[in-house]
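Residue-level structure breakdown
These are the residues of each chain, in order.
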Amino acid sequence: SGAQAEVAALKSAAEKLRAQAAATSGSSAGVSGQGDFAQLADLLDSRAKVYQQVADLLQEPAVAPTLSPAEMDALRMIEAKQQCSIFFAEAQVGCGIAATETVRTSR
(Lines give C-alpha, C1' and ligand atoms only; values in the text may rest on other atoms or scores of the structure.)
Protein backbone atom coordinates (compact mmCIF):
# COMPACT_ATOMS: atom_id res chain seq x y z
CA SER A 1 0.00 0.00 0.00
CA GLY A 2 1.01 3.63 -0.27
CA ALA A 3 1.42 3.99 3.49
CA GLN A 4 3.71 0.94 3.65
CA ALA A 5 5.83 2.32 0.81
CA GLU A 6 6.10 5.64 2.66
CA VAL A 7 7.17 3.86 5.86
CA ALA A 8 9.83 1.95 3.94
CA ALA A 9 11.08 5.14 2.26
CA LEU A 10 11.30 6.99 5.58
CA LYS A 11 13.20 4.11 7.22
CA SER A 12 15.55 3.90 4.25
CA ALA A 13 16.26 7.63 4.38
CA ALA A 14 16.94 7.42 8.13
CA GLU A 15 19.38 4.54 7.59
CA LYS A 16 21.19 6.48 4.88
CA LEU A 17 21.46 9.55 7.09
CA ARG A 18 22.89 7.47 9.94
CA ALA A 19 25.36 5.75 7.62
CA GLN A 20 26.47 9.08 6.20
CA ALA A 21 26.82 10.56 9.69
CA ALA A 22 28.99 7.61 10.77
CA ALA A 23 31.10 7.70 7.60
CA THR A 24 31.83 11.42 7.88
CA SER A 25 32.33 11.78 11.61
CA GLY A 26 33.96 15.10 10.78
CA SER A 27 32.97 17.40 8.01
CA SER A 28 33.17 16.74 4.31
CA ALA A 29 34.03 19.47 1.90
CA GLY A 30 30.96 21.13 0.48
CA VAL A 31 28.45 19.34 2.75
CA SER A 32 26.98 21.37 5.56
CA GLY A 33 24.70 20.29 8.40
CA GLN A 34 26.25 16.85 8.80
CA GLY A 35 26.01 17.22 12.55
CA ASP A 36 22.23 17.20 12.16
CA PHE A 37 22.10 13.93 10.21
CA ALA A 38 21.56 11.75 13.31
CA GLN A 39 18.85 14.06 14.62
CA LEU A 40 17.13 14.10 11.22
CA ALA A 41 17.32 10.30 11.11
CA ASP A 42 15.59 10.14 14.51
CA LEU A 43 12.85 12.45 13.22
CA LEU A 44 12.35 10.26 10.16
CA ASP A 45 12.14 7.16 12.36
CA SER A 46 9.49 8.89 14.50
CA ARG A 47 7.51 9.81 11.41
CA ALA A 48 7.81 6.26 10.05
CA LYS A 49 6.50 4.93 13.37
CA VAL A 50 3.44 7.22 13.18
CA TYR A 51 2.79 6.25 9.54
CA GLN A 52 3.02 2.57 10.53
CA GLN A 53 0.51 3.09 13.35
CA VAL A 54 -1.90 4.80 10.96
CA ALA A 55 -1.45 2.05 8.36
CA ASP A 56 -2.14 -0.58 11.01
CA LEU A 57 -5.31 1.23 12.10
CA LEU A 58 -6.53 1.46 8.52
CA GLN A 59 -6.13 -2.29 8.05
CA GLU A 60 -9.00 -2.91 10.47
CA PRO A 61 -12.44 -2.35 8.96
CA ALA A 62 -14.56 0.34 10.58
CA VAL A 63 -17.45 -0.93 12.63
CA ALA A 64 -20.80 0.27 11.38
CA PRO A 65 -23.04 1.74 14.05
CA THR A 66 -26.06 -0.30 14.99
CA LEU A 67 -29.50 1.23 14.69
CA SER A 68 -32.32 0.79 17.15
CA PRO A 69 -35.62 -0.61 15.84
CA ALA A 70 -37.09 2.91 15.82
CA GLU A 71 -34.12 4.23 13.85
CA MET A 72 -34.44 1.35 11.36
CA ASP A 73 -38.13 2.18 10.88
CA ALA A 74 -37.28 5.85 10.30
CA LEU A 75 -34.59 4.88 7.80
CA ARG A 76 -37.00 2.62 5.90
CA MET A 77 -39.60 5.41 5.80
CA ILE A 78 -37.04 7.86 4.37
CA GLU A 79 -35.92 5.31 1.77
CA ALA A 80 -39.55 4.61 0.81
CA LYS A 81 -40.23 8.33 0.47
CA GLN A 82 -37.19 8.72 -1.79
CA GLN A 83 -38.30 5.79 -3.96
CA CYS A 84 -41.83 7.25 -4.23
CA SER A 85 -40.39 10.60 -5.30
CA ILE A 86 -38.38 8.90 -8.02
CA PHE A 87 -41.40 6.86 -9.12
CA PHE A 88 -43.68 9.92 -9.33
CA ALA A 89 -41.06 11.93 -11.23
CA GLU A 90 -40.67 9.12 -13.76
CA ALA A 91 -44.46 8.75 -14.00
CA GLN A 92 -44.83 12.46 -14.73
CA VAL A 93 -42.27 12.21 -17.51
CA GLY A 94 -44.08 9.17 -18.89
CA CYS A 95 -47.46 10.92 -18.75
CA GLY A 96 -45.98 13.94 -20.49
CA ILE A 97 -44.67 11.75 -23.32
CA ALA A 98 -48.02 9.94 -23.57
CA ALA A 99 -49.91 13.26 -23.67
CA THR A 100 -47.60 14.55 -26.42
CA GLU A 101 -48.13 11.39 -28.46
CA THR A 102 -51.91 11.59 -27.97
CA VAL A 103 -51.98 15.18 -29.24
CA ARG A 104 -49.89 14.22 -32.30
CA THR A 105 -52.07 11.26 -33.24
CA SER A 106 -55.35 13.14 -32.78
CA ARG A 107 -54.41 15.83 -35.32
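Only a predicted model underlies this, so the values are computations on that prediction, with no experimental measurement involved.

So, on to the packing of helix H1 (residues 2–23) against helix H2 (residues 37–59). At a minimum axis separation of 8 Å, H1 and H2 run at an interaxial angle of 165°. In this view, H1 runs roughly antiparallel relative to H2, as classed from their interaxial angle. As for how H1 packs across H2, the hand of that crossing is left-handed. Facing H1, whose interface residues are Ala3, Gln4, Glu6, Val7, Leu10, Lys11, Ala13, Ala14, Leu17, Arg18, Gln20 and Ala21, H2 presents Phe37, Ala38, Leu40, Ala41, Asp42, Leu44, Asp45, Arg47, Ala48, Tyr51, Gln52 and Ala55. Looking at the contact of H1 with H2 residue by residue, the class counts come to 15 nonpolar, three polar and six charged.

Below, the discussion takes up the nonpolar core. One finds Val7, Leu10, Ala14, Leu17, Phe37, Ala41, Leu44 and Ala48 forming the largest nonpolar core, which totals eight residues. Those elements that place two or more of their residues in this core are H1 and H2.

Looking now at a nonpolar patch on the surface. A cluster of nonpolar side chains, Val50, Tyr51, Val54 and Leu58, forms an exposed patch at the surface whose accessible area comes to about 380 Å². Inspection of the secondary structure puts Tyr51 in helix H2. The class of Tyr51 is partly exposed, set by a relative accessible area of 35%.

For H2, built from 23 residues, the straight-helix expectation of 33 Å at 1.5 Å per residue is met to within 8% by its first-to-last C-alpha distance of 33 Å. Considered for burial, the residues of H2 that qualify are Phe37, Ala41, Leu44, Ala48 and Ala55. Of the surrounding secondary structure, the elements contacted by the buried residues of H2 are H1.

This brings us to the pattern of salt bridges. Counted by the stated rule, this structure contains three salt bridges. The salt bridge involving Arg18 is made with Asp42; its shortest N-O contact spans 2.6 Å. Of this pair, Arg18 sits in helix H1 while Asp42 is found in helix H2, placing the two residues 24 residues apart along the sequence. Relative accessible area serves as the criterion here: at 43%, Asp42 is assigned to the partly exposed category. Across the pair Arg76 and Asp73 runs a salt bridge whose closest N-O atoms are separated by 3.8 Å. Of this pair, Arg76 and Asp73 both sit in helix H3 (residues 69–106), separated by three residues, roughly a single helical turn. In this structure Arg76 comes out as partly exposed when scored by relative accessible area, which is 49%. For Asp73, a relative accessible area of 43% translates into the label partly exposed. One continuous salt-bridge network, built from bridges that share partners, spans Arg18, Asp42 and Asp45.

Procedures and definitions
Residues numbered from 1 in each chain as written. Predicted model: local features only at pLDDT ≥ 70, side-chain atom pairs only at ≥ 80, totals over all residues. Heavy atoms only, no water. Axes fitted to C-alpha atoms, helices over the stretch in contact; angles between N-to-C directions. Helix = DSSP H or I, 4+ residues; strand = E, 2+ residues; numbered from the N terminus. Parallel < 35°, antiparallel > 145°, perpendicular 65-115°, else oblique. Left-handed = near helix turned anticlockwise from the far one by under 90°. Contact = heavy atoms within 4.5 Å. Nonpolar A, V, L, I, M, F, W, Y, C, P; charged D, E, K, R; others polar. Core = buried A, V, L, I, M, F, W, Y, C linked by side-chain atoms within 4.5 Å. Buried < 20%, exposed > 50% of the residue type's maximum accessible area, 1.4 Å probe, protein only. Patch = residues over 30% accessible without salt bridge, like charges linked within 9 Å, V, L, I, M, F, W, Y side chains within 5 Å. Areas by Shrake-Rupley, 256 points an atom, 1.4 Å probe, with all protein chains shown as cover. Salt bridge = Lys/Arg side-chain N within 4 Å of Asp/Glu carboxyl O. Expected span 1.5 Å × (residues − 1).

By themselves, these observations are geometric and do not establish any function.
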